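Report on the structure
Residues per chain are reported as follows:
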Amino acid sequence: MKKEIKTGLIFLGVFLLAYYVNLKTDLIMNAVGASFDMLNEYAREHVLTCLIPALFIAGGIANMISTTSVIKVLSGAFGRFWAYLTASVSGSILAVCSCTVLPLFAGIYNSGAGIGPATTFLFSGPAINILAMVLSFKALGWQIGIARIISAVVISIVIGIIMEKAFHEDDKKRINKIVPPDGSDFPIWKSGLILGSLVFVLIFATWNSAAGALLYNIKWWLAGGFVLLTIMFSVMYLNKNKLTGWMDQVWTLSKQILPLLFFGVLISGFVFHIIPKEWIETAVGGNSILSNFAASISGAFMYFATLTEIPIVEGFMKSGMGDGPALSMLLAGPALSLPSMLIVYKVLGAKKSLVFFALVIVLSAFAGWIFGMVI
Amino acid sequence: MKLQILGTGCPKCEKLRMHVEEAVAKLGIDAEIVKISEITEIMSFGVMMTPAFAIDGVVLSSGKINSIPEIIKFIEEKQS
């Protein structure tokens, strides 16, 4: 019943909007135009050369690389040092979709390594998955791309260590039995050859002339060559089962991510045309401490569906957001959102989760501020 | 027999649920299919990666979408 009322209210809202608001004003027409421009730009610049190879790599990682050993390290079997180190970078292998991050986070917390590596993983996971890395580089520029990776890894370890020091005493409740996920027994060098040549496809396909004019002229030959190499290795080493499993993964991921990205790009093209530039410039322009905080706080509460943080931040930047605040938002944004806060709250309890949220907001703002000064 | 699917509600978990339903239909057995999406409850199983599949509280697989024949095998092993 409640749901029906909600639907009714939505209908009413749409009706009132259509009835009273003249939608064909210049502002709205231009905003629609801007959203299609942005979609066009993404389709031309980012989809073929960047997203599609990245989807194949991400699917291949999920299908060919054994996660069992990573999970073992994460649960503290080899000591804290390795647990932290692995937690800070394993997002690139494990966390292709945000719904795998939270169970893993809860699992690391409860099953061994405890609160430190768990929060480390929760923070860095979404920032360093392969799709997010690649698209940040491509759409936002290499400076922000690199800054995002480095600061995500560094801050995540800092947060983890602070959380562990602060809550060491009551970090005792553990669940002893862990069920390791099913590993793949596929030899690592074979998956290395296949995924490695795919990474080269990605690198050469996105090569721009600024990075080296000589290679730029033959980049399509190089990219094409590595495509052939990938196919060759796949035919040599993958049986039919493995190959369909891989393609299945790629397809599942695409179904999950592409629609979100499509609407994310459209909406962000539209919205940022409507919001007056002056507002954004006042709130998150320049590189003051205040604008960095504004960016990290709003990022922490906002929900970004997988990868949509990138077009949204791009929209902000086109409307006058500074480089520093952009990084602040990229760091705090995917790591936290209102829905994920609720789950973290349930797993960690009030005190710990509030400290964690505060750390994320403060350190993200701080990293953005430093980046804004350096750049 | 209680067939449990653990997952927070992402597309992968939904796909596993469909596979389980089809497996049950193929076998023609009388089994209860339960979807568990509460994170604390998932944790109590000791599972670290979702989707995971359990029968009567015993986790048989986690971190992947099982194929229908695999699920049938799990159920048959449990029955015998």
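Nothing here was measured: the structure is a model prediction, and the numbers come from that model. All residue numbers refer to positions counted from 1 along the written sequence of the respective chain. For naming, the first written chain is A and the first written ligand is 1, with later ones following in the order written. Whole-chain, interface and lining totals are the exception, using all residues; otherwise, since this is a predicted model, local features are given only for residues with pLDDT of at least 70 and side-chain atom pairs are given and counted only at 80 or more.

**A look at the overall build of chain A**
Each helix is a run of DSSP H or I of at least 4 residues and each strand a run of E of at least 2, with the numbering of both proceeding from the N terminus. Looking only at helices and strands, chain A has 19 helices and 0 strands in total. Expressed along its principal axes, the backbone C-alpha trace of chain A runs to roughly 60 × 60 × 55 Å. Contact criterion: two residues are in contact if their C-beta atoms, reconstructed from the backbone, are within 7 Å. Sequence separation of at least 24 residues holds for 84% of the intrachain contacts in chain A that already meet a minimum separation of 6.

**Describing the overall build of chain B**
Helix and strand counts for chain B stand at 3 helices and 4 strands. C-alpha extents for chain B along the principal axes are approximately 30 × 25 × 15 Å. Every C-beta atom is placed from the backbone, and the number of other C-beta atoms within 10 Å of a residue's own sets its class: buried at 20 or more, exposed at 12 or fewer, partly exposed in between. Put simply, chain B has 80 residues, and 42% of those count as buried. Summarising the internal contacts of chain B: among those between residues at least 6 apart in sequence, 63% fall at separations of at least 24.

**Observations regarding helix 1 (residues 2-20) of chain A**
An expected span of 1.5 Å times one less than the residue number is assigned to each helix. The terminal C-alpha atoms of helix 1 of chain A, which comprises 19 residues, lie 27 Å apart, in line with the 27 Å expected from a rise of 1.5 Å per residue. Burial analysis of helix 1 of chain A places just 0 of its 19 residues in the buried class, which makes it a mostly uncovered element.

**Concerning the confidence of the model for chain B**
All names here are of chain B. Per-residue pLDDT for chain B has a mean of 87; in total, 100% of the residues score no lower than 70. The lowest-confidence element of chain B is helix 2 (residues 39-44), averaging 82 in pLDDT; the highest-confidence one is strand 1 (residues 2-6), averaging 92. For this predicted complex, the interface score ipTM comes out at 0.71, while the overall pTM is 0.80. On a scale of 0 to 100, pLDDT captures the predictor's confidence in every residue.

**Re the pairing of strand 4 (residues 58-62) of chain B**
Residues and elements named next belong to chain B. Strand pairing is assigned whenever DSSP detects at least two bridges linking the two strands. Direction of pairing for strand 3 (residues 52-55) relative to strand 4: antiparallel, over a ladder of 4 bridges. Bridge assignment links Phe-53 to a residue of strand 4, and that residue is Ser-61. Between strand 3 and strand 4, which pair antiparallel in sequence order, lie 2 residues; one of them, Asp-56, sits at a positive phi of approximately 50°.

**So, helix 13 (residues 240-274) of chain A**
Residue and element names in this part refer to chain A. Compared with an ideal rise of 1.5 Å per residue, which puts 35 residues at 51 Å, helix 13 spans 51 Å between its outermost C-alpha atoms and is within 8% of the ideal. Taken together, the buried positions of helix 13 are Gly-245, Trp-246, Gln-249, Leu-253, Ile-257, Leu-261, Gly-264, Val-265, Ser-268, Gly-269, Phe-272 and His-273. Where the residues of helix 13 are buried, they touch helix 2 (26-64), helix 8 (130-140) and helix 16 (309-318).

**Thoughts on the nonpolar core**
Residues and elements named next belong to chain A. The term nonpolar core means buried Ala, Val, Leu, Ile, Met, Phe, Trp, Tyr and Cys residues held together as one set by C-beta atoms within 7 Å. By size, the foremost hydrophobic cluster in this structure holds 117 residues, and its most contacted members are Ala-54, Phe-105 and Val-360. If you tally residues by element for this core, the top one is helix 2, at 13 residues. Every residue in contact with Val-360, bar those within four places of it in the chain, is listed here: Phe-123, Ile-159, Ala-300, Ala-332, Ala-335 and Leu-336.

**Quick notes on the sheet that holds strand 2 (residues 32-36) of chain B**
Residues and elements named next belong to chain B. Across the sheet, which stays open at both edges, the 4 strands sit in the order 2-1-3-4 with mixed pairing between neighbours. Where the open sheet ends on each side, the last strands, each with one partner, are strand 2 and strand 4. Put simply, the sheet's adjacent strands are angled 20° from each other on average, direction ignored. Between N-to-C directions, angles span 0 to 180 degrees; the directions come from axes that are lines fitted to C-alpha atoms, helices contributing only their stretch in contact. With respect to the sheet, helix 1 (residues 11-27) is in contact with strand 1, strand 2 and strand 3, its orientation differing from that of strand 1 by roughly 160°.

**Let's talk about the environment of Phe-121 of chain A**
With respect to the helices and strands, Phe-121 of chain A occurs in helix 7 (residues 115-124). C-alpha separation for the pair Phe-121 of chain A and Gly-372 of chain A, spaced 251 residues apart in sequence, amounts to 25 Å.

**Here we look at the environment of Cys-13 of chain B**
Residue and element names in this part refer to chain B. With respect to the helices and strands, the residue Cys-13 is situated in helix 1. A C-alpha to C-alpha distance of 9.0 Å links Cys-13 and Lys-64, two positions 51 residues apart in sequence. Setting aside chain neighbours within four positions, we find Cys-13 in contact with Ile-5, Gly-7, Thr-8, Thr-50 and Pro-51.

**Structural notes on unusual backbone geometry**
Residue and element names in this part refer to chain B. Of note, Asp-56 is a non-glycine position whose phi angle comes to about 50°, a positive value. The residue Asp-56 is located in the loop between strand 3 and strand 4 in this model. Given 10 C-beta atoms within 10 Å, Asp-56 falls into the exposed group.

**Describing the packing of helix 15 (residues 289-301) of chain A against helix 17 (residues 323-335) of chain A**
All names here are of chain A. Contact pair helix 15 / helix 17: the axes reach a minimum separation of 7 Å and the direction vectors enclose 25°. Compared by their axis directions, helix 15 and helix 17 come out roughly parallel. You can see that helix 15 and helix 17 cross each other, and the crossing is right-handed. For the pair formed by helix 15 and helix 17, the contact residues are Ser-291, Asn-292, Ala-294, Ala-295, Ser-296, Gly-299 and Ala-300 on the first element and Gly-324, Pro-325, Ser-328, Met-329, Leu-331, Ala-332 and Gly-333 on the second. By definition in this entry, angles of less than 35 degrees are roughly parallel, angles greater than 145 are roughly antiparallel, angles of 65 to 115 are roughly perpendicular, and the rest are oblique. Rotating anticlockwise by less than a right angle from the far helix to the near helix defines a left-handed crossing, while the corresponding clockwise rotation defines a right-handed one.

**A few points about the pairing of strand 2 of chain B**
Along any regular strand, the residues point their side chains to alternate faces of the sheet. Residues and elements named next belong to chain B. Bridge count for strand 1 against strand 2 is 5 bridges, and the pairing is parallel. Looking across to strand 2, one finds that Ile-5 is bridged to Lys-35. One crossover worth recording links strand 1 to the parallel strand 2 by way of helix 1, and it is right-handed. Every crossover in which the path from the first strand over the helix to the second runs clockwise, viewed with the strands pointing away from the viewer, is termed right-handed.

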